[in-house]
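Chain by chain, the residues:
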Amino acid sequence: MKGLLVKDMRMLLGQKKFGALIVFMTVVLSFNSDSYFVVYYLTFVCSFLAISSISYDENDNGYPFLFTLPIDRSSYVREKYLFGFILNLCSWLVGILVCGGFAVARNELSSFRENFALLLLVFLAMFVFDLLVFPLLFKFGSEKGRIVMLCVFLMIFFIGYILSTIVNYQNILVQLSGYPKAVLGALLLAVTAVILFVSYAVSVLIMKKKEF
């Protein structure tokens, strides 16, 4: 699995122009918009970079070549999840450092501390996004997977919109705010862990049944 991680990291480092664009956009956004947006932007972009690594492996009949190497399909899936976690975490940490630096420079450190829980939620949300997308890409491939992914998230958005007309979310948020943050944080981590377990199990099952 270490070799697969090195491969994906080298592929990432090889995209120098795209990396330079990300750095440029980060600097521009840091000065011209809310510094919190830097955390959203970096985590969002790197989340998609983790997803795109599957597309690179699939291109030019890459899967049959990869599986001639001394790796099994479970290890391949596990590496993708680890790679996604590393990218999301590193981009989030960089965003936090940039945002925290601007908070100190602007004398807004207290506000930064108050919003830290929300910024942590950004990391969890983008990691969960990857967890939902990975099985779709393994099942349908990069091209069809994007279409299926779009349909799924449009359906989720539609269901969310319908529920928002029925359920009063403000009352729910007020009730949740009464619970200790540690309890809510533990609950979010537990839900993320369940999604991770189910997503990984489904992805492994898909890859083991897939023919190349």
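Criteria and cut-off values
Residues numbered from 1 in each chain as written. Predicted model: local features only at pLDDT ≥ 70, side-chain atom pairs only at ≥ 80, totals over all residues. Heavy atoms only, no water. Helix = DSSP H or I, 4+ residues; strand = E, 2+ residues; numbered from the N terminus. Contact = heavy atoms within 4.5 Å. Core = buried A, V, L, I, M, F, W, Y, C linked by side-chain atoms within 4.5 Å. Buried < 20%, exposed > 50% of the residue type's maximum accessible area, 1.4 Å probe, protein only. Axes fitted to C-alpha atoms, helices over the stretch in contact; angles between N-to-C directions. Parallel < 35°, antiparallel > 145°, perpendicular 65-115°, else oblique. Left-handed = near helix turned anticlockwise from the far one by under 90°. Nonpolar A, V, L, I, M, F, W, Y, C, P; charged D, E, K, R; others polar. Expected span 1.5 Å × (residues − 1). Arc of directions from axis to C-beta. Salt bridge = Lys/Arg side-chain N within 4 Å of Asp/Glu carboxyl O.

**Things to note about the environment of valine 122**
You can see valine 122 is positioned in helix H7 (residues 116-166). Put simply, valine 122 and phenylalanine 44 are 78 residues apart on the chain and 8.9 Å apart in space, counted from C-alpha to C-alpha. Look past the residues within four positions of valine 122 in its chain and what remains in contact with it is Val39, Tyr40 and Thr43.

**Some remarks on the nonpolar core**
Formed by 21 residues in total, the largest nonpolar core has its most connected members in Tyr63, Tyr76, Phe138 and Met207. Within the residue set of this core, elements represented by two or more residues are helix H3 (36-58), helix H4 (62-66), helix H5 (73-105), H7 and helix H9 (181-209). When residues in this core are grouped by element, the largest group, eight residues, is from H7. By size, the runner-up hydrophobic cluster in this structure holds 11 residues, among which are Leu5, Val38, Leu49 and Leu87.

**Some remarks on the packing of helix H1 (residues 2-13) against H5**
Viewed as axis vectors pointing N to C, H1 and H5 meet at an angle of 45 degrees, and their least axial separation amounts to 9 Å. Our classification of the angle between H1 and H5 gives oblique. The interaxial crossing formed by H1 with H5 has right-handed handedness. Packed against H1, whose contacting residues are Leu4, Leu5, Lys7, Asp8, Met9 and Leu12, the element H5 presents Ser75, Tyr76, Glu79, Lys80, Leu82, Phe83, Ile86 and Leu87 at the interface. Here the contact of H1 with H5 is built from residues that sort into nine nonpolar, one polar and four charged.

**Section: H1**
If you check H1, its first and last C-alpha atoms are 16 Å apart, about what 12 residues at 1.5 Å a residue would give, namely 16 Å. Inspection of H1 places Leu4, Leu5, Asp8 and Met11 among the buried residues, and these make up the whole buried set. The buried residues of H1 occupy an angular sector of 125 degrees when projected down its axis, which confines them to one face. Across from the buried face of H1, at angles greater than 90 degrees, the exposed residues are Lys2, Gly3, Arg10 and Leu13. In this fold, the buried residues of H1 make contact with H3, H4 and H5.

**Section: the pattern of salt bridges**
Per the counting criterion, the structure on display carries three salt bridges. The residue lysine 80 makes a salt bridge to aspartate 8 at a minimum N-O spacing of 2.9 Å. One end of the pair, lysine 80, is in helix H5; the other, aspartate 8, is in helix H1, and 72 residues separate them in sequence. Like lysine 80, the residue aspartate 8 is buried in the burial classification. Linking lysine 80 and glutamate 79 is a salt bridge whose minimum nitrogen-to-oxygen distance equals 4.0 Å. Exposure remark for lysine 80: the relative accessible area of 1% places this residue in the buried category.

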